[in-house]
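Coordinate inspection notes
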Amino acid sequence: LQSIVDAHLRGQKAGQQSGDEVLSNLNWHLSIVVSHVAGYELNNVAKESTAYIREVQGLENQLFAGFMIFSVLLHSTVVALKEGLHLLELDHIENIPTERVVLAKAPPNPMIELQTKIYRLSRAFLFRQFDEVSVNADISDNIAKYKHQLNPLYLQGVLFEGLASFYLARDRPNERLKWITKGDSALARIRGLSEHSSWNWKNKTLLLEAERMYTLRDDGAALFYEKAIQSAHEQKFIHEEGIASELAGIFYCEKGLHQKSSQLLLHSARSYKKWGALAVARRVEGFIEKQYGLDVLQMLGDDDALECIFETSESMSNKRQVNG
């Protein structure tokens, strides 16, 4: 994913040098989108997104009006992750329209519909708004219906669809089979990508595998969570390191392993902060305080290392062997 960002930046430069405004601006926009998918620091993504929107606001080409809508969808999501969902109730943020404003004026368009769903699904999952999650967790169906060509953003949508599906399968027993089926479909697609590019997709596959095993009440999920977190860390996907750590923390909490759970949740909050998703980090901090108390939350400033968090999953493995 990082190499795709670099390729688009080279395309932007080539467009500028040749005087091709469309090529330059298209590649600039795509570099910002993929940098977000790859987990680049949100302050930088917001800065570039703001600069891009202000650039195209002054251009009269109709094509740029489309770029503008897609860029605002991204900008609104980044701002919400940084500062909170309440900002999306505004009409403008620093003179940039919010998602709600541009969608009210946007023409019916399958690409706008799909990208809106992806950004809303990712926000809703990260802020644990599961009614909103269930409404937007149909990314794969939308891609198939309109035969959209796959790209990093759409595949990120499939990842969140898978994560949301397994979470909803545990949360909504009456719809369990429906959501497991959707989760399995997303996992199969991401696993296929991992076979061709493990650098980009291995950690995502491992996390979906862990969530599936957790949903099926398989304690073997512990090892897959560990591998998912380590893989995300090694590939520098800080956002997905945070997501995997939080989901692992929830898993261990349910298993009654509270020390490991709290360590992982603290690591998740730290990872979200490094990413720049301060509002998401605050939500996790609130959960830690409620579940484990203020004393544990105050450990947030302490340094942590994955080696210390993982005495590996031996405790879960040993538990399985004893129970077996």
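Residues numbered from 1 in each chain as written. Predicted model: local features only at pLDDT ≥ 70, side-chain atom pairs only at ≥ 80, totals over all residues. Heavy atoms only, no water.

Okay, the overall build of the protein chain next. Scanning the protein chain for helices and strands turns up 18 helices and two strands. A compact globule built from 324 residues should have a C-alpha radius of gyration of about 20 Å, and the protein chain, at 20 Å, falls within 12% of that. Summarising its shape, the C-alpha atoms of the protein chain cover approximately 70 × 40 × 35 Å along the three principal directions. Taking the contacts inside the protein chain whose residues are at least 6 apart along the sequence as the reference set, 65% of them involve residues at least 24 apart. Counting 36 positive and 41 negative side-chain charges, the protein chain places the averaged centre of each group 3 Å from the other. (Helix = DSSP H or I, 4+ residues; strand = E, 2+ residues; numbered from the N terminus. Rg over C-alpha atoms; globule rule 2.2 N^0.38 Å. Contact = heavy atoms within 4.5 Å. Lys, Arg positive; Asp, Glu negative; His and termini not counted. Charge placed at Lys NZ, Arg CZ, Asp CG, Glu CD.)

The subject of this paragraph is the nonpolar core. If you look at the biggest cluster of nonpolar residues, it comprises 100 residues, and the most contacted ones within it are Phe125, Tyr225, Ile243, Leu247 and Tyr272. When residues in this core are grouped by element, the largest group, twelve residues, is from helix H9 (residues 152-171). (Core = buried A, V, L, I, M, F, W, Y, C linked by side-chain atoms within 4.5 Å. Buried < 20%, exposed > 50% of the residue type's maximum accessible area, 1.4 Å probe, protein only.)

A few words now on helix H13 (residues 238-255). Over its 18 residues, H13 extends 26 Å from the first C-alpha to the last, a length consistent with the 26 Å expected when each residue adds 1.5 Å. Counting buried residues in H13 gives 16 out of 18 residues, a clear majority hidden from the surface. (Expected span 1.5 Å × (residues − 1).)

This paragraph deals with helix H1 (residues 2-18). Taking 1.5 Å per residue as the helical rise, H1 with its 17 residues ought to reach 24 Å, and the 25 Å between its terminal C-alpha atoms agrees with that figure. Taken together, the buried positions of H1 are occupied by Val5, His8, Gly11, Gln12 and Gly15. Buried residues in H1, looked at end-on, bunch into an arc of 120°, giving them a common side. Facing away from the buried side of H1 by over 90 degrees, the exposed positions are Ser3, Arg10, Lys13, Gln17 and Ser18. In this structure, the buried side of H1 is in contact with helix H2 (21-37). Where H1 ends, the next residue or the one after it, Gly19, has phi of about 75°, a positive value. (Arc of directions from axis to C-beta.)

A few words on the environment of Ile4. Turning to its location among the elements, Ile4 is positioned in helix H1. By relative accessible area, Ile4 is classed as partly exposed at 31%. Taking the C-alpha atoms as reference, Ile4 lies 9.6 Å from Ala38; in sequence the two are 34 residues apart. In contact with Ile4, not counting residues within four places along its chain, are Val34 and Pro152.

A few words on the packing of H2 against H9. H9 packs onto H2 with a crossing angle of 25° between their chain directions and a minimal axis gap of 9 Å. On the basis of their axis angle, the class for H2 and H9 is roughly parallel. Every pair of crossing elements has a handedness; the one defined by H2 and H9 is left-handed. Within the contact between the two elements, H2 uses Val33, Val34, His36 and Val37 and H9 uses Pro152, Leu153 and Gln156. (Axes fitted to C-alpha atoms, helices over the stretch in contact; angles between N-to-C directions. Parallel < 35°, antiparallel > 145°, perpendicular 65-115°, else oblique. Left-handed = near helix turned anticlockwise from the far one by under 90°.)

What follows concerns the environment of Tyr167. Along the chain, Tyr167 turns up in helix H9. The class for Tyr167 is buried, based on a relative accessible area of 15%. Considered as a pair, Tyr167 and Trp179 are twelve residues apart in the sequence and their alpha carbons are 8.4 Å apart. Dropping the residues within four chain positions of it, Tyr167 is found in contact with Phe125, Arg128, Phe130, Glu211, Leu247 and Ile250.

What follows is about the packing of aromatic side chains. Across all of its chains, the model carries eight aromatic pairs by this definition. Where Tyr214 meets Phe251, the ring centres are 5.1 Å apart and the plane angle is 80°; that geometry is what we call edge-to-face. With Tyr214 in helix H11 (residues 198-215) and Phe251 in helix H13, this pair connects stretches of sequence that are 37 residues apart. By the burial criterion, Tyr214 is buried, and Phe251 matches it. Feature note: the residues Phe125, Phe130, Phe160 and Tyr167 constitute an aromatic cluster, connected by ring pairs. (Phe/Tyr/Trp six-rings, centres within 6.5 Å; stacked < 30°, edge-to-face > 60°.)

Contact pair H13 / helix H14 (residues 258-275): the axes reach a minimum separation of 7 Å and the direction vectors enclose 160°. Looking at the two axes, H13 sits roughly antiparallel to H14. The handedness of the crossing between H13 and H14 is left-handed. Between H13 and H14, the contacting residues are Ile238, His239, Glu241, Gly242, Ile243, Ser245, Glu246, Ala248, Gly249, Ile250, Tyr252 and Cys253 on the first element and His258, Lys260, Ser261, Leu264, Leu265, His267, Ser268, Ser271, Tyr272, Lys274 and Trp275 on the second. Of the residues contributing to the contact of H13 with H14, the split by class is ten nonpolar, nine polar and four charged. (Nonpolar A, V, L, I, M, F, W, Y, C, P; charged D, E, K, R; others polar.)

A few words on the pattern of salt bridges. This model, assessed by the stated rule, comprises 15 salt bridges. Between Arg100 and Asp91 there is a salt bridge, and its shortest N-O distance comes to 2.7 Å. Residue Arg100 is classed as partly exposed on the basis of its relative accessible area, which comes to 42%. Arg172 serves as the salt-bridge partner of Asp131, at 3.1 Å between the closest nitrogen and oxygen. Taken together, the positions of Asp131 in helix H7 (residues 130-136) and Arg172 in the loop between H9 and helix H10 (176-196) put the pair 41 residues apart, joining distant regions of the chain. (Salt bridge = Lys/Arg side-chain N within 4 Å of Asp/Glu carboxyl O.)

Any link to function would need more than the numbers given here.
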